[in-house]
Amino acid sequence: MQQTKFLWITGLISLTVISVYLTLLLHSHSYQAFLRFADIEYNNTFYHATPYVTGTTYSIFRAFLSILCICALFVLLHACAKRNTIYTELAHLRKESRAARLELFIAWNRTSYNQRLIVLLLGSSVLIARVFYFFNYPVSDDEITSYNFFVSKGITYVSSYYPLPNNHILYNSICWIFHQLHVNFYWTSRLPTLLISGAGTYLVYLLLLRFSNFTIATCAVFIFCFSPYGLEYAFVGRGYFLLFYLASISFFAGIQLIYEPNKHKRLSWFSIISSSILGFYTVPTFLYPFLSLVVVLTISFVKHKRKNDILNLAVACAIIALCGTLLYTPVLAVSGLQSLIGNKYVAAKNAHEFWATFLPFYSYSEGFITGQERLGIWFTACIIIVCVYVLQTEKSSKIRLLGIISCAYVLLPFLFVVAQRVLTPARVLSYRVLFLALLFGICYDRLSNVLFHSRRVWLVLIPIGIFLYGIYGIFHTEQRIYPLRVADQRIHTVYQLLHAKNSRRILVNSRDYVLLLYHYLHQQDPSIIINTEPQPSTAYEYAVIDYDKHPPNFVGLSAKEVYHDGYVRVFSYHVQQSAAHLPYQQILEKTKSAYR
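Keep in mind that this is a model prediction, so the values were computed, not measured.

K.L.:
Please provide a residue-by-residue account of the overall build of the protein chain, values included.
P.N.:
Looking only at helices and strands, one finds 24 helices and nine strands in the protein chain. For the protein chain, whose C-alpha radius of gyration is 27 Å, the value lies close to the compact-globule estimate of 25 Å for 596 residues. In terms of its C-alpha atoms, the protein chain occupies a principal-axis envelope of roughly 90 × 60 × 50 Å. Of all 596 residues assigned to the protein chain, the portion counted as buried reaches 54%. Of the roughly 27,200 Å² that the protein chain leaves accessible, carbon and sulfur atoms contribute 65%. For the protein chain, the distance from the average position of its 48 positive side-chain charges to the average position of its 27 negative side-chain charges is 12 Å.

Here's what the structure looks like:
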């Protein structure tokens, strides 16, 4: 019951911190500020984000949060006054944290000089690849969306505006902090990812050394780092690497609770609760690794009749659910519940459509996340089959447990998507590559003891194999982003043309061009008017139209094509001779637009 008391303290602290944050956030913005979300132009469409709450309801909600904040602070201060409760538990947590940190460094110190040299070479290669692509990877639509429509508009937009799952709220909140220091896109959007991926890779490697050995840890971490999504999301301005990192933290905390139930219990439960709350606040699809963990812990606790831990797990899940729901209340108030559970990415499909596309879709997705679209699903199946065979004869209970839980993390998400009847994008389940690579590391470690009598042989093969996979991973990435680079160059050419003409009012009626042109032009001057549909009473100077479309007509203005690239045509507008005698303002007021 001692751990249950600690869990309630953890929940109280979490609830207090969240309620204080939300109270400060909502009290710093009036209801009128939230009304500005209405008719915000988003991703080539007008998304109507009128708040779902009225002004009265908003006031009541804000008052409720204030009362919750005061009550939570009062209870927390009251608990702090009792030194035998909260101070004692926090002291134990600090003691366990120091001991765990020491164990990580002990695990590193057990490695040999040659092993450390291998890690240094592989780590340097990963860092070089990440830094290279940090500057040379084309800017993606998702990054532009996050930067322009969430981060740059303020913390209120980040915490409340959820037109699509593009808004990774926790990650964009971190980016917003960086944005306060400098508005540069790479500083604001990509640098946080690069820092998180560096720290996350380092910590996950040490944790794997702590729970396994050099071979398994090296194979798992560096194969994951060179996988398509492991490489891309280590520098792209999205929240997926933060999700990878948080899922790994809860994974190792769960293993600690199962393998050594009486050691670091407070730290393990604290890690599960904190990483899960932050994971859900990053991306709601954190549900997949979280449910995998809950299933594994439930089976283990029931099997070993650990009734207290079953209760602790229920309390931890309640805390995570309460805190996660509270964090999303601004989203529910502004964008509505359907934005979270009813968008096209999570909406359930009918049974016939789902089963007709399930195998082809996930077969391709599984191949894509491993870097081989055609054979990837077979690689996954072979690794799991071989690992199951190896684990049957595994003498180390820790390695066996690591392999079993990794198998659960790889396979269980498919049961969840079947239960939901959804076709999730490959990137949503890409965190599984780390655990698939971990299974490969276990297979290689055990089979190498049989196949190679010389320890030096299998030690040398580790960096050679990973370097070869890394070269293939970079080649695969280059093939995938070449069309993106070409498209980015075309868009940049159009931007340079518009910028050279000092355009102030531009119509961009091309879905492929609008986001990047919006970004490039507004980086230079945020006051430039860019519309995706012709607006009445707006006299445009230039129009960027899809190649197979005609420019809209404007009263008193004539269109002249000044550029085309096979994908779009750029038109400039000039005052017609018949309207030259009219004042320009009168032309502006009389302008009405309509497609031919």
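K.L.:
How would you explain the nonpolar core if you had to name every residue and give the values?
P.N.:
With 146 residues, the main nonpolar core has L208 and F251 as its most contacted residues. Top element by residues in this core is helix α12 (residues 240–259). It accounts for 14 residues. With near-sequence residues (within four places) excluded, F251 lies in contact with L402, I405, S406, Y409, F435 and L438.

K.L.:
Now, about the packing of helix α5 (residues 113–136) against helix α9 (residues 185–211): what can you tell me, with residues and values included?
P.N.:
Across the interface, α5 lies against α9 with an axial gap of 11 Å and an inter-helix angle of 165°. Classified by the angle between their axes, α5 and α9 sit roughly antiparallel to one another. Along this stretch, α5 crosses α9, giving a crossing that reads as right-handed. Here V119, R130, Y133, F134 and F135 of α5 lie close against α9, whose contacting residues are Y186, R190, L191, L194, S197, G198, T201 and Y205. Partitioned by chemical class, the residues of the contact of α5 with α9 number eight nonpolar, three polar and two charged.

K.L.:
Describe the layout of surface pockets, listing the residues and the values that go with them.
P.N.:
Reported here for the second largest pocket is a volume of approximately 620 Å³. Surrounding the second largest pocket, 24 residues form its lining, V139, S140, D141, D142 and L484 being those nearest its centre. Of all elements in the fold, only α6 (141–149), α22 (455–500) and α23 (511–524) reach the threshold of two or more residues within the lining of the second largest pocket. Grouping the constituent residues of the lining of the second largest pocket by class yields twelve nonpolar, three polar and nine charged.

K.L.:
Requested: an account of a positive patch on the surface, with residues and values cited.
P.N.:
On the surface, R94, K95, R98 and R101 cluster together into a positively charged patch. Along the chain, the position of R94 falls in helix α4 (residues 83–109). When its relative accessible area of 49% is taken as the criterion, R94 is described as partly exposed.

K.L.:
Could you give me a rundown of the pattern of salt bridges, with the residues and numbers involved?
P.N.:
Taken as a whole and assessed by the stated rule, the structure comprises 17 salt bridges. Of the charged contacts, one joins E143 and R190 as a salt bridge, the two residues approaching to 2.8 Å between their closest N and O atoms. With E143 in helix α6 and R190 in helix α9, this pair connects stretches of sequence that are 47 residues apart. For R190, a relative accessible area of 0% puts it in the buried group. Put simply, R306 and D309 hold a salt bridge, and the shortest N to O gap is 2.7 Å. Take D309: its relative accessible area is 4%, and that puts it in the buried class. Each of E103, R210, E260 and K263 takes part in one network of salt bridges that share partners.

K.L.:
Summarise unusual backbone geometry; cite the residues concerned and give the values.
P.N.:
The phi dihedral of H264 falls on the positive side, at around 55°, and the residue is not glycine. With respect to the helices, strands and loops of the structure, H264 is situated in the loop between α12 and α13 (265–282).

K.L.:
Could you give an account of empty space enclosed by the protein, with specific residues and numbers?
P.N.:
It is the rolling of a water-molecule-sized probe over the atoms that shows where space remains empty. Across all of its chains, the model carries five cavities of 30 Å³ or more by this definition. In this model, the largest cavity occupies a volume close to 90 Å³. In terms of lining, the largest cavity is formed by G200, T201, V204, V221, F224, C225, F241, F244, Y245, S248 and L434. Those elements that place two or more of their residues in the lining of the largest cavity are α9, α10 (214–226) and α12.

K.L.:
I'd like a description of α6, backed by residues and values.
P.N.:
Where burial is concerned, most of α6 is hidden: seven out of the nine residues are buried. Along α6, the residues that are buried comprise E143, I144, T145, S146, Y147, N148 and F149.

K.L.:
An account of the environment of F224 is requested, with residue identities and associated values reported.
P.N.:
By the secondary structure assignment, F224 is in helix α10. When the C-alpha positions of F224 and G470 are compared, they lie 9.7 Å apart, and in sequence the two are 246 residues distant. The residues touching F224, leaving out its near neighbours within four places in the chain, are C219, G230, L231, F241, F244, S430, V433, L434 and A437.

K.L.:
Outline a nonpolar patch on the surface, listing residues and values.
P.N.:
On the surface, V457, V460, L461, I464, L468 and I471 cluster together to form a nonpolar patch covering roughly 510 Å² of accessible area. Within the element layout of this structure, V457 appears in helix α22. V457 gets classed as partly exposed once you look at its relative accessible area, which sits at 37%.

K.L.:
Requested: an account of the packing of aromatic side chains, with residues and values cited.
P.N.:
When we look at a pair of aromatic rings, we describe it by the centre distance and by the angle of the planes. The full count for this structure, using the stated rule, is 36 aromatic pairs. Each ring, one from Y229 and one from Y233, has its centre 5.3 Å from the other, and the planes form 10°; the classification is stacked. Both residues of the pair, Y229 and Y233, belong to the buried class. With centroids separated by 5.1 Å and ring planes inclined at 90°, the aromatic side chains of F361 and Y362 adopt a geometry described as edge-to-face. By relative accessible area, which is 28% here, F361 ends up partly exposed. Aromatic ring contacts, followed pair by pair, group F211, F251, F252, Y409, Y431 and F435 into a single cluster.

K.L.:
Before we move on, can you summarise the side chain of D488 with the specific residues and values?
P.N.:
With respect to the secondary-structure elements, D488 resides in helix α22. Buried charge without a partner: D488 forms no salt bridge, and the closest opposite charge is R485, 8.1 Å away. In contact with D488, not counting residues within four places along its chain, are L516 and Y520.

Calculation notes
Residues numbered from 1 in each chain as written. Predicted model: local features only at pLDDT ≥ 70, side-chain atom pairs only at ≥ 80, totals over all residues. Heavy atoms only, no water. Helix = DSSP H or I, 4+ residues; strand = E, 2+ residues; numbered from the N terminus. Rg over C-alpha atoms; globule rule 2.2 N^0.38 Å. Buried < 20%, exposed > 50% of the residue type's maximum accessible area, 1.4 Å probe, protein only. Areas by Shrake-Rupley, 256 points an atom, 1.4 Å probe, with all protein chains shown as cover. Lys, Arg positive; Asp, Glu negative; His and termini not counted. Charge placed at Lys NZ, Arg CZ, Asp CG, Glu CD. Core = buried A, V, L, I, M, F, W, Y, C linked by side-chain atoms within 4.5 Å. Contact = heavy atoms within 4.5 Å. Axes fitted to C-alpha atoms, helices over the stretch in contact; angles between N-to-C directions. Parallel < 35°, antiparallel > 145°, perpendicular 65-115°, else oblique. Left-handed = near helix turned anticlockwise from the far one by under 90°. Nonpolar A, V, L, I, M, F, W, Y, C, P; charged D, E, K, R; others polar. 1 Å grid on protein atoms, 1.4 Å probe; cavity = no way out; pocket = protein on both sides within 12 Å on 5 of 7 lines; lining within 4 Å. Points joined across faces, edges and corners; volume = space filled by probe spheres on them. Patch = residues over 30% accessible without salt bridge, like charges linked within 9 Å, V, L, I, M, F, W, Y side chains within 5 Å. Salt bridge = Lys/Arg side-chain N within 4 Å of Asp/Glu carboxyl O. Phe/Tyr/Trp six-rings, centres within 6.5 Å; stacked < 30°, edge-to-face > 60°.

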